Amino acid sequence: MAIASIAQYDWPENWPDLLPLLLKLIGDQTNMYGVRGALRCLALISGDLDDKLMPTLVPVLFPCLYRIISSPHIYEKPLRTKALSILYSCTSMLGVMSGIYKAEINGLMMPMLKLWMEQFSVVLQPSVKSEDPDDWSIKMEVLKCLIQFVVVFPSLTEAELSVTLGPLWQTFVSCLEVYQLSSIQGIDDPYSGRVDSDGAERSLESFAIQLFEFLLTIVGNPRLVKVIGGNFKELVYYTIAFLQMTEEQVHTWSLDANQYVADEDDATYSCRVSGILLLEEVVTAYGAEGVDAIIEAAQKRFNESCQAKIAGSTDWWRLREAVIFALFSLSESLSDGLFPESSKVILGSFLEQMLIEIAGTGVHEYPFLHARAFSAVSKLSSVVIRQEVLEQFLCASIKAIAVNVPPPVKVGACRVISHLLPESNQSILQSQILSLLSSLTDLLKQASDETLHLVLEALQAAVKAGQEVSASVEQIISPIILNMWVEHVSDPFICVDIVEVLEAIKYAPGCMRPLISRILPYIGPILEKPQQQPTGLAAASLDLLTMLLKNAPIDIVKIMYDVCFNHAVQIILQSDDHSEMQNATECLAAFVLAGKQELLDWGGDPGFTMKSLLSAASRLLDPNMESSGSLFVGTYILQLILHLPSQMAHHIRDLVAALVKRMQSCQMPELKSSLLLILARLVHLSAPNVGQFVDLLITVPAEGHENSLSYVMSEWVKHQGEIQGAYQIKVTTTALALLLSTQHVELAKIHVQGHIIKTTAGITTRSIAKLVPDQWTVMPLPAKILALVADMLIEIQEQDLDDNDEDSDWEEVHDTDTDPHNKILYSMGSSNARPTIEHLDAMANALNESEDENYGDDFLKGSDPINEINLAKYLLDFFAKFSNGNRAVFDHLCHSLTPAQRNAIQTVLKQ
């Protein structure tokens, strides 16, 4: 350890003899202590070997390692395992080098590859034994080396891999036999963890996981999957048995339901997770055949569990639970529509048979089986299970919540309720809603950590489903939820769930006013003296207030204004807590969006209220403030200019100057993008006199630049490609088009970053990036703007092609062209390509639907008419008008574009 630690800093420069000494020791069979010490030292420093040492080291070191690994009569298993770990480290480094030195690396490995693969098969050949952890360790290192060989040298390995398949299968099957006894049934003390002298885990489960990882690598490689051939059905069959719950898992999860939920949701390191990943990869690799193989294997294993039950086995339920768990691997194929219709029918019938049988077994005797059944219903319900069966399980879930059943069963029941209740026949369940709300409220008091999240999700679904009765229970539920909110205010994830439940209550008929009257008296004093509150309480109160303001009637907004508006302003002006400032900013944006012009009159002095709003904006735009505190200022200012336009018109010049200073000092790309959005929205506000806004930018100074126009446009075109969100892209892209349409003489005087120049080949390391940073061409601003707008056109067209693979008019792809962009553009440029109005609508929808709805965008969407723009139609109209307006200028600018950009524009000009 001492030598290895020093070597990390001084070797090989100051210790040139270290490696020859280690190699000499490794080769000395008369001194096993020396062999052991040299191997351990070399294992520690092998991770620091570089591309200068490797070419000379491999031809000398690998034969030494091979001699050790292939001589079990001389070297004990731990020494051979250590030699394999060194081989693994060196092969990993060769993989890094192969990006540049592929031919040289292949030349180094080719002479030894066949020998290594044969030796790997020798190590894997003996069956796995229950009481030989050293054997697990050496086999595990072989599997790690095999993965590296397959990943780094796929073409070389392909021909030699077959020699390992027989021994590998023997290892897989015999490992299951040992795993079944020792871990699943717990006969061989599954709680005793084993580690080697270096502290590495030597458990049977870690070995099995490594085995799955190698199989996953093979199945996931289109080049190598064929070596498995028709044996993938047997692979699936044995994999399902590995998915059974171990005795240790049963023990742990029975004591701690939170751990059960955490392990299920977080995909922990286990055989169960690795097995599911392999089954998913089988479906990806083999398609419908893979789906049918999983269903067929699941049916066989289900029959085996039935036979075990009849024979009196107490563990029969484990295999059945594993069967249902295996079917989870098909859920993504179900949702993606990749499932063959015939397979759906078979799977649905099979699932229903299992679920109905499970419903008739004792819930206390087999809690995890019932929990898995509930989880299956919630995850696989939408396509393959009949509605009447789903309703039976929904009723059973509601019943399970109300009675004394083991915690895992309640966990599964909550999942069913949150997934199925929103889509169920509400009229049938109305009689049970009151009881369900009561049961879930009681369950809240017992839940904690991960289980609390599930209960809150179920409660939210129950509140939404019980709209007609919610008003009668609001006075019971709301205080409990609010108390829980106070208890968990420091946990942002739980807080989000709680606020969503309160929001569901808010929207229930007759609940909004009593809920707000219950909350306001509590959060008002908190916001009045935020510095005296526990950490996070003021920020969470602002978040809660923002939710209440959303879509509230104007008279209720006025009530909340009277209690909280001035406090929110003062928090922005005085607080140094970034969470408080961010939430207060969103809260003020919500006030402006909800109150609009009326908000100015509520305080009695419209001028003072407007001054308060501007003061908040001024502090948020302070260039000396940390970027995090100002993060949502863009959302806030957007509401000011949208809903108080006449008042803001007097401050546009000052606003632009403040935006520019804040942009120049900010450190967060998200903040800079939001500020660019405001400037883009101001371009729209200035229409049709956009040239006047350009003139205004020229008169505003910007540090280090000739004027604000030069700075803003340089930053804008540099970051346009990073702007996210359908609304944000619409605003900025159309604003660029408006600016270009002015043909203002000052725009042509500005030169900005153009196209990147590739200066290096191969892998770009951090050191190379520092020595040779990216270089860019310089191009006139109008040409860059035209290029960016053309890029947007290409992106929309490509999204349309992706979403309409089968029937797109633009999909005449020629196989001889290998560049996907060229394929698209060839078809777009052909005489047959005529994007119809339907296509343009589809393109606009593709852009909108690609963006996830999120809470922050609620302020942006719906309140701005620009959100209604069909971007594809807008760009078509822009290119037509711009090219016809001044053809000479247009043609000149097009010379600076890439062929792809020119082709995209040419296509729309043919309309």
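Reading the values: the criteria
Residues numbered from 1 in each chain as written. Predicted model: local features only at pLDDT ≥ 70, side-chain atom pairs only at ≥ 80, totals over all residues. Heavy atoms only, no water. Core = buried A, V, L, I, M, F, W, Y, C linked by side-chain atoms within 4.5 Å. Buried < 20%, exposed > 50% of the residue type's maximum accessible area, 1.4 Å probe, protein only. Helix = DSSP H or I, 4+ residues; strand = E, 2+ residues; numbered from the N terminus. Contact = heavy atoms within 4.5 Å. Expected span 1.5 Å × (residues − 1). Salt bridge = Lys/Arg side-chain N within 4 Å of Asp/Glu carboxyl O. Lys, Arg positive; Asp, Glu negative; His and termini not counted. Phe/Tyr/Trp six-rings, centres within 6.5 Å; stacked < 30°, edge-to-face > 60°.

*Asks:* For the nonpolar core, give the residues involved together with the corresponding values.
*Replies:* Among the nonpolar cores identified, the biggest contains 313 residues, and Phe62, Phe591 and Leu786 are the most heavily contacted of them. With twelve residues, the single largest contributor to this core is helix α41 (residues 781-803). What Phe591 contacts, discounting residues up to four positions off in sequence, is Leu545, Leu549, Val557, Met560, Tyr561, Cys564, Phe565, Lys596 and Leu599.

*Asks:* Could you give an account of helix α34 (residues 652-665), naming the residues involved and the relevant values?
*Replies:* With 14 residues, α34 should cover 20 Å at 1.5 Å per step; its first-to-last C-alpha distance of 20 Å lies within 8% of that length. Along its buried surface, α34 packs onto α31 (606-620), α32 (633-643), α33 (645-649), α35 (669-686), α36 (690-699) and α37 (708-719).

*Asks:* Account for the pattern of salt bridges, with residues named and values stated.
*Replies:* On inspection of all chains with the given rule, the structure shows 27 salt bridges. A salt bridge links Glu118 to Lys114, with the nearest nitrogen and oxygen atoms 3.7 Å apart. Of this pair, Glu118 and Lys114 both sit in helix α6 (residues 102-124), four residues apart, which is roughly one turn of that helix. Note on Glu118: relative accessible area 32%, which makes it partly exposed.

*Asks:* An account of the side chain of Lys730 is needed here, citing residue identities and associated values.
*Replies:* Here Lys730 lies in helix α38 (residues 726-742). Buried and unpaired, Lys730 has Glu868 as its nearest opposite-charge partner, separated by 6.9 Å.

*Asks:* Give me the lowdown on the packing of aromatic side chains, citing residues and values where you can.
*Replies:* Within this structure, the stated rule accounts for 29 aromatic pairs. With a centroid separation of 6.5 Å and 70° between ring planes, the pair formed by Phe172 and Tyr238 is classed as edge-to-face. Highlighted residues: Phe172 in helix α9 (residues 162-184) and Tyr238 in helix α11 (residues 232-242), separated in sequence by 66 residues. Judged by relative accessible area, which is 2%, Phe172 ranks as buried. The class for Tyr238 is partly exposed, based on a relative accessible area of 23%. Measuring from centroid to centroid gives 6.0 Å for Phe374 and Phe393, while their planes differ by 85°, and the two rings are edge-to-face. Note that Phe374 is positioned in helix α19 (residues 367-384) and Phe393 in helix α20 (residues 387-402), a separation of 19 residues in sequence. Using a relative accessible area of 7% as the deciding quantity, one classes Phe393 as buried. Through a chain of ring-to-ring contacts, the aromatic side chains of Trp169, Phe172, Tyr179, Phe212, Tyr237, Tyr238 and Phe242 assemble into a single cluster.

The analysis is restricted to geometry; functional conclusions fall outside its scope.
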